[in-house]
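Residue-level listing of the chains:
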Amino acid sequence: MTQDFRDGAAAGSTPRTALLLVNLGTPDAPTPAAVRRFLGEFLHDHRVVDTSRWLWCPILHGVILPLRGRPVAHSYASIWGPDGSPLRVQSEKLTAALQAQLPEFTVRLAMRYGAPSIASVLRELQAQAHERLLVLPLYPQYSATTSASVHDAVFAELATWRRLPELRLINDYHRNSDWLDALEAGVESHWDLHGRGDKLLMSFHGIPQRYADAGDPYPQQCIIGARLLAERLRLGDGAWSLCFQSRFGREPWLAPAIEQELAKLAAQGVKTVDVVCPGFAVDCLETLEEIAVRDAELFRRAGGGALRYVPALNASPGHVSALANLARRHAQGWPH
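Notes on the structure follow. Because the structure is a prediction, the values reported are computed rather than measured.

## Considerations on the side chain of Thr95
Positionally, Thr95 belongs in helix α3 (residues 86-101). For Thr95, a relative accessible area of 9% gives the class buried. With residues up to four places along the chain from it excluded, the contact list for Thr95 reads Leu21, Val107, Arg108 and Leu109.

## Here we look at the packing of aromatic side chains
Throughout the structure, instances matching the rule amount to six aromatic pairs. Here the aromatic rings of Tyr173 and Trp179 are separated by 5.8 Å at their centres, their planes lie at 90°, and the arrangement is edge-to-face. The same class applies to Tyr173 and to Trp179, which are both buried. Within the aromatic cluster, the residues linked to one another by ring pairs are Phe38, Phe42 and Tyr113. A cation over an aromatic ring shows up here: Arg196 above the ring of Trp191, its NZ or CZ 3.8 Å from the ring centre.

## Some points on the pattern of salt bridges
This structure, assessed with the given rule, holds 18 salt bridges. Among the salt bridges present, the one from Arg329 reaches Asp178, with a minimum N-O distance of 3.6 Å. Taken together, the residues span a long stretch of sequence, with Arg329 in helix α11 (residues 317-330) and Asp178 in helix α6 (residues 177-194) at a distance of 151 residues. Look at the salt bridges and you will find they share partners, linking Asp50, Arg210 and Glu251 into a network.

## Quick notes on the sheet that holds strand β3 (residues 132-137)
Judged by pairing direction, the sheet is parallel, and its four strands sit side by side in the order β2-β1-β3-β4 without closing on themselves. The sheet terminates laterally at β2 (105-113) and β4 (166-169), the two strands that pair on one side only. Neighbour-to-neighbour, the strand axes of this sheet turn through a mean angle of 25°, independent of strand direction. In the sheet, strand β1 (residues 17-25) pairs with β2 via eight bridges, with the strands oriented parallel. Looking at the pairing, Thr17 lines up with Phe105 of β2. Strands in contact with helix α1 (residues 32-43) are β1 and β2; relative to β2, the strand with the most contacts, it is inclined by about 95°. Sheet strands in contact with helix α4 (residues 118-127) are β1, β2 and β3, and its direction is about 160° off that of β2.

So, how was this worked out
Residues numbered from 1 in each chain as written. Predicted model: local features only at pLDDT ≥ 70, side-chain atom pairs only at ≥ 80, totals over all residues. Heavy atoms only, no water. Helix = DSSP H or I, 4+ residues; strand = E, 2+ residues; numbered from the N terminus. Buried < 20%, exposed > 50% of the residue type's maximum accessible area, 1.4 Å probe, protein only. Contact = heavy atoms within 4.5 Å. Phe/Tyr/Trp six-rings, centres within 6.5 Å; stacked < 30°, edge-to-face > 60°. Lys NZ or Arg CZ within 6 Å of the ring centre and 35° of its normal. Salt bridge = Lys/Arg side-chain N within 4 Å of Asp/Glu carboxyl O. Pairing = 2+ DSSP bridges. Axes fitted to C-alpha atoms, helices over the stretch in contact; angles between N-to-C directions.

Here you go:
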């Protein structure tokens, strides 16, 4: 029998609210087997790859996972720390810092793919008798490939429950002034330490162009957030540009791709590029290895000089305060 969401709560007790943070996820270890398990779950999500399963599954399991497991594991191993995956470590630090700022919430972390799963964390919250649930995907910009996929997983688990919590979902926060303040402070801090580069490049994870053509608002939200950040940094149009990274597969993705943008900047004689990735709440493979290592080498080979990566917000005080304020605003009207 499905447990009541409020089982075990004393009559008349103060209602309790849970804040569920969700990040994308990470392999359990930097090994080919662990990477194949993780990629198998990730790339099997129809929100991520919407190709017919009859066509996609043989390609995924017969070609992609066997071929990509080892090289991707090598990339993860290059950034793996003593405590594990940077995405997991930084997400856990962010969760702990938010819990310290939000005593009126129970703050928990789940991963959309890998562990801890959304279903397992929701069941823990169910057992603890929380009556209200606020879901915050750690994606500043909404996309069906990310935020909607998180919501799908939440709905799938709640569909098995007899009694549901009051539920609120946060879609995005790309215009949020506190978040933009934190981004601005991060870039300014980088410049204070290293000096200002010739160009600031804002890089966002890409999605297939046809997803945007079908109505996904993601690219527009990236553009809006980038422009707002550039305004705060008092950057003219020639001092910054926007691009998209992490292309997968052969079909057209959002443009310009970071590889093209870096080649263009090198050809223009730009020697120093600072790269910030506003779409990533914490540092991960796509920032620490793809941007800071591979793309830095690509820029040098193209004739450029230094590519300096601006760290993600991670568990910085400004980021923690921004997300805490965001959670409180979305929980307004719920008694604590």
